[in-house]
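Reading the structure
Next come the chains, spelled out residue by residue.
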Amino acid sequence: MNKAATIWEVFIQSKNGLPHKHVGNVHAEDKEMALQNARDLYTRRNEGSCIWVVKSEHIVSSVPEDEESFFDPANDKVYRHPTFYDLPDGAKHI
Amino acid sequence: MKNDIFSINLQKHNYLNMQEEIFQDKINAEKKIEPKDWMPDGYRSHLIRQISQHAHSEIIGMQPEGNWITRAPSLRAKMILLAKVQDEAGHGLYLYSACETLGVTRDELNKQLHEGKAKYSSIFNYPTLSWADMGAIGWLVDGAAIVNQVSLQKTSYGPYSRGMIKICKEESFHQRQGYEIMAHMANGTKEQKEMAQDALNRFWWPSIMMFGPQDSDSPRTGNAMKWKIKRKTNDELRQNFIDKTVAQAELIGLKIPDPDLKWNEERGSYDFGEIDWEEFWNVVNGNGPCNEQRLEHHKKAHTEGEWVREAAKAYAKKQTHNE
Ligand SMILES: [Fe+2]
Ligand SMILES: [Fe+2]
């Protein structure tokens, strides 16, 4: 039997209405255990209202080597930002 | 001539130099290094050593305090101590997580601890003889750890830095509960005050040794500072801790056991006496009062937990089978 435990990434929603945020990981064998371990490890001081756990092996990540080709195309599209536009003087509420 | 061995080696060499330069530029610009980023082998191995030593310290550190949970003098004291020890377990786990991002497994880290290849903080090789020791540990040992950890919040490795930030948030209760115990005992009966003073006497020097050897004797500091793994040297951190702590001792009427301790107007810091480095190295090298006991206990708990880990695996396998 493979001895190493499965690693799960933990995401916590700190308050109802806010997005879940990555906080770290836990070792566990099944979903229930992963949730309980995450509860014990990351919410000892009311840090959360909801927890997600995901097996680390299921996370797909971009890699640093691709950073430029992946993200640079956004650089020359300044027209995606509101500050790009010339508005007539005196225009309000826009 | 392009593909002879010499030229290939040269290309590899240039490539590594270039990577190292990019890496150092990032560090100098205070950018964090993340797990998938390129890093020099020395940076990785230094981090694994430092973070695992830190993690092992949190876990082994549960033993001297766990020793007093069943004998806490009140229900309030017992609940607080339980919560504190549980936090330390959490700190250990945050740090093991950070260490695992560098490509080493938890099993390997445990193995290094059990084989004596990885160290943990020597302070936990001293026994806890009285309830006042719970006060001294919280106040001084957690106090010293906080000084170190606050500076490490700015360490260059992202996962380590995030772990430190989380830990620092939880630590201040640890130090306060310890100081509260000391203050109560120092203001209690004559015997209680003596116990508090005795605990301070025993834990003071080991606490200031926690920052490690003097800068002049710590060969690895150079790279650790260049790579911004460490942000302050051992001596700077030690001085910082002493300067904070002296007034706290005075306030509760306890005396720091160092006849050479004296305010230095010019430096704006306290001068202090010579540290017994022989004792320090002796305990680091395994000959402290509790080294053997601490490690044996850890191994025993690990071995006796084997069936639980196996059962959890078997259960998980059955669950997936039924899905
Ligand atoms: Fe801790
Ligand atoms: Fe602590």
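Residues numbered from 1 in each chain as written. Chains lettered and ligands numbered in written order. Predicted model: local features only at pLDDT ≥ 70, side-chain atom pairs only at ≥ 80, totals over all residues. Heavy atoms only, no water.

Some words on empty space enclosed by the protein
Where empty space is left in the structure can be found by rolling a water-sized probe over the atoms. Note the following rule: Think of a 1 Å grid over just the protein atoms. A cavity is a set of points where a 1.4 Å probe fits yet cannot get out, a pocket is an open set with protein on both sides within 12 Å along at least five of seven lines, and lining residues have an atom within 4 Å of a point. Grid points are joined across faces, edges and corners, and a volume is the space filled by probe spheres set on the points.
Enumeration according to the criterion identifies one cavity of 30 Å³ or more in this entry. By volume, the largest cavity amounts to about 40 Å³.

What to know about the confidence of the model for chain B
The following threshold applies: Confidence per residue, as judged by the predictor, is encoded in pLDDT with a range of 0 to 100.
Confidence along chain B averages 94 in pLDDT terms, with 99% of residues attaining 70 or more. Overall fold confidence for the complex sits at a pTM of 0.92, while the interface term, ipTM, reaches 0.87.

Topic: the packing of aromatic side chains
As a reminder, the rule being used: The rule is short: rings of Phe, Tyr and Trp, with Trp giving its six-membered ring, pair when the centres are within 6.5 Å, and they are stacked under 30 degrees, edge-to-face over 60, tilted in between. Working definition: with a 1.4 Å probe on protein chains only, accessible area under 20% of the residue-type maximum means buried, over 50% means exposed, and in between means partly exposed.
Within the structure shown, the criterion is met by 14 aromatic pairs over all chains. Ring centres 6.2 Å apart and planes at 75° place the aromatic pair Y79 of chain A and F84 of chain A in the edge-to-face group. What makes Y79 of chain A partly exposed here is its relative accessible area of 43%. Look at F23 of chain B and Y43 of chain B: their rings are 4.9 Å apart centre to centre, the planes differ by 75°, and that puts the pair in the edge-to-face class.

As for the coordination of the iron ion (ligand 1)
Residue and element names in this part refer to chain B. Going by this rule: Because water is not among the atoms used, a metal site may look incomplete, as its donors are only the N, O and S atoms within 2.8 Å, or 3.2 Å for Na, K and Ca. Geometry is assigned from the angles between donors: four donors with all angles from 85 to 135 degrees make a tetrahedral site, four or six donors whose opposite pairs exceed 155 degrees while the rest stay between 65 and 115 make square planar or octahedral sites respectively, and everything else is labelled irregular. Secondary structure elements follow DSSP: runs of H or I of four or more residues count as helices, runs of E of two or more count as strands, with numbering from the N terminus.
With distances of 2.1 to 2.4 Å, the protein atoms coordinating the iron ion (ligand 1) are E58 (OE), E88 (OE), H91 (ND1) and E171 (OE). For the iron ion (ligand 1), the four donor atoms in the first shell make angles of 80 to 155° at the metal, a pattern classed as irregular. Counting gaps between the donor residues of the iron ion (ligand 1) yields the pattern E-x29-E-x2-H-x79-E. The distance between the iron ion (ligand 1) and the iron ion (ligand 2) is 3.3 Å, with E88 acting as a donor to both metals. With E88 and H91 both in helix α4 (residues 75–100) and three residues apart, the pair spans about one turn of that helix. Classification of E88 as buried rests on a relative accessible area of 5%. On the accessibility criterion, H91 (0% relative accessible area) is buried.

Side note on a positive patch on the surface
Our working rule: Like charges are joined within 9 Å and nonpolar side chains (Val, Leu, Ile, Met, Phe, Trp, Tyr) within 5 Å, but only among residues with over 30% relative accessible area and no salt bridge; these make up the patches. Each accessible area is a Shrake-Rupley estimate made with a 1.4 Å probe; only the visible protein chains count as cover when residues are assessed. A pair is scored as a salt bridge if a Lys or Arg side-chain nitrogen falls within 4 Å of a carboxyl oxygen belonging to Asp or Glu. For the charge count, each Lys or Arg is scored as positive and each Asp or Glu as negative, with His and the chain ends excluded. Note on charges: their place is set at NZ of Lys, CZ of Arg, CG of Asp or CD of Glu.
A contiguous patch of positive charge, built from K32, K154, K232 and K244 of chain B, is present on the exposed surface. Its place among the elements puts K32 of chain B in the loop between α1 (5–28) and α2 (41–60).

Things to note about the nonpolar core
The criterion, for reference: The set of buried Ala, Val, Leu, Ile, Met, Phe, Trp, Tyr and Cys residues whose side-chain atoms join them within 4.5 Å is what this entry labels a nonpolar core. Residue contacts follow a heavy-atom distance rule, with two residues in contact if any of their heavy atoms lie within 4.5 Å.
Within the largest apolar cluster, 53 residues are counted, with the highest numbers of intra-cluster contacts made by W131, L140, M182, L200, F203, W204 and F241 of chain B. Residue contributions to this core peak at nine residues, all from helix α6 (residues 132–152) of chain B. In this view, L200 of chain B contacts W139, L140, M182, L254, K255, I256 and P257 of chain B; residues no more than four positions away in its chain are not counted. Among the nonpolar cores identified, the runner-up in size contains 36 residues, and A38 of chain A together with I48, A55 and L109 of chain B belong to it.

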